[in-house]
Amino acid sequence: MTTINFENTAVAFKVRSKRELGRAFLMFKLISRPGLVKLGNSVIGMMARIGLPVNWIVKPTVYAQFCGGETINECAPVVEKLATGQVRSILDYSVEGSESDVEIEKALQETLKAIDFAGKNENIPFAVFKPTAFIKSRALEILSQGEEKADEESKKEGAKFRERVLKMCTKAAGYNLSILIDAEDSWYQNFIDQVVYEMQVKFNKEKAIVFNTYQMYRWDRLDLLKKDVERARKEKYFIGVKFVRGAYMERERARAMEKNYMDPIQKDKESTDKDYNSALEYSLENIDITSIFNGTHNEFSSKLMAEKMLTLGLSASDERCWFSQLYGMSDNISFNLALAGFNVAKYVPYGPVKHVLPYLTRRAEENTSVKGQTGRELKLITAERRRRKKEK
Ligand SMILES: Cc1cc2nc3c(=O)[nH]c(=O)nc-3n(C[C@H](O)[C@H](O)[C@H](O)COP(=O)(O)OP(=O)(O)OC[C@H]3O[C@@H](n4cnc5c(N)ncnc54)[C@H](O)[C@@H]3O)c2cc1C
């Protein structure tokens, strides 16, 4: 069995200076107060909407904690720094919900640049994109209800989306670089799943280049995963599977209630955890055709995969198995897994402050609402600060 110790704070924060640790402490302390987070989010959101400058408050605080920089070049030192602890990076251009062809084209050009940068940098093992940045939301929703019955306008938008996704996957494949396609709200997901499947058939002939994302807080995803893996086996292609629990639970539940359809989310956290862990185990049992990307801050799910890999006789550094956490969070998992020889890559979001605000709002709210996460970060940072003081 492995000897991974997620409590080793010297390893976890090896690449963090005293100043950075102090800032992280302050950030987590602030976002541990739900009232403050709510107030901060609405004030900053409003300022951004009416065109007041927000960079001066956001950039040195939450942005510095959770983002790599405004441009790819600004992220380069972050990538290098993480690599000194054997942790690799995934540059995630954090723009979402583009609603005009001009915005979409901008996002596409930026993502293609990020793919080029990744393709030439051994410390960036994946490219990534968020599908809602590449299609108008109305069309995506309509197409997800059934492509055949969609109106002509939506079908046209769907064809443009296919073309853009094809462009990104083709560029990534040219570098033999894998590409992750993030998961979105359930009412957008069917069409995304269809297009990702088409890309997997096209690009995954020799290895998993294209990865789809499964949100295991949905009660139908474990079955879908099994069907997808069986289909890949039958149709003879490799399948890349990225697992997350899911980021949009509150609005999923609220919409299901409002529109009176069955809630797509599991009944409780335990059910989400159970399906998440089963998905990891199932994929490892099918590792001959599957590549796995375990995107979580959950220590149990991270350990479970690491231990099962070794039990199955895989090496820790098997190139089909990856662990990932978000930049600025759960460094204790990332750096301790990397030290034990496992493949780890952190999602490093980047982009102009204004574009990254929805992402930052989610991080702040998640760290407030997720039971224990902020407390855990604070405890680890405090332990490391004490340890450094004693060492002097
Ligand atoms: C590398 C990486 C990539 C990501 N990419 C995506 C993405 O593409 N799409 C996306 O949606 N999210 C994405 N996320 C966010 C992710 O979905 C989770 O919101 C976040 O990671 C918290 O889950 P956890 O497994 O880390 O931690 P945990 O603390 O173990 O789990 C918290 C999660 O459990 C679920 N949960 C909590 N309470 C309940 C309940 N009562 N009933 C049912 N389920 C519950 C929710 O999903 C919640 O976010 C990503 C996260 C990472 C680390």
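Residues numbered from 1 in each chain as written. Predicted model: local features only at pLDDT ≥ 70, side-chain atom pairs only at ≥ 80, totals over all residues.

J.: Looking at this structure, how should I read the packing of helix H7 (residues 137–144) against helix H9 (residues 186–203)?
T.: Helices that pack against each other are described as a pair by the angle of their axes relative to one another and the distance between those axes. Following both chains from N to C, one finds H7 and H9 inclined at 75 degrees, their axes separated by 7 Å at the closest point. One way to sum up the angle between H7 and H9 is to call them roughly perpendicular. Of the residues in H9, those in contact with Leu140, Glu141, Leu143 and Ser144 of H7 are Trp187, Tyr188, Gln189, Asn190 and Phe191. Its residues assigned to classes, the contact of H7 with H9 comprises 5 nonpolar, 3 polar and 1 charged. (Axes fitted to C-alpha atoms, helices over the stretch in contact; angles between N-to-C directions. Helix = DSSP H or I, 4+ residues; strand = E, 2+ residues; numbered from the N terminus. Parallel < 35°, antiparallel > 145°, perpendicular 65-115°, else oblique. Contact = placed C-beta atoms within 7 Å. Nonpolar A, V, L, I, M, F, W, Y, C, P; charged D, E, K, R; others polar.)

J.: I would appreciate a short explanation of the nonpolar core in the present structure.
T.: As a rule of thumb, soluble globular proteins bury nonpolar side chains together. One finds Leu91, Cys169, Ile179 and Leu360 to be the most contacted residues of the largest nonpolar core, which totals 107 residues. Here cysteine 169 is in contact with Ile179, Met199, Phe203, Ile209 and Val210, once residues within four sequence places are set aside. (Core = buried A, V, L, I, M, F, W, Y, C linked by C-beta atoms within 7 Å. Buried ≥ 20, exposed ≤ 12 C-beta atoms within 10 Å, placed from the backbone.)

J.: Help me understand the site of the ligand in this model?
T.: Near the ligand, the surroundings consist of 27 residues, among which Asp182, Val244, Arg245, Gly295 and His297 are the closest. Sorting the residues of the shell around the ligand by element identifies strand E4 (210–215) and helix H12 (269–285) as the ones contributing at least two each. A per-class count over the shell around the ligand returns 10 nonpolar, 12 polar and 5 charged. (Near = placed C-beta within 6 Å.)

J.: Would you mind showing me how to read unusual backbone geometry here?
T.: Negative phi characterises most residues that are not glycine, and trans characterises most peptide bonds. The phi dihedral of asparagine 176 is positive, around 60 degrees, even though this residue is not glycine. By secondary structure assignment, the location of asparagine 176 is in the loop between helix H8 (152–174) and strand E3 (178–181). Take asparagine 176: there are 10 C-beta atoms within 10 Å of it, and that puts it in the exposed class.

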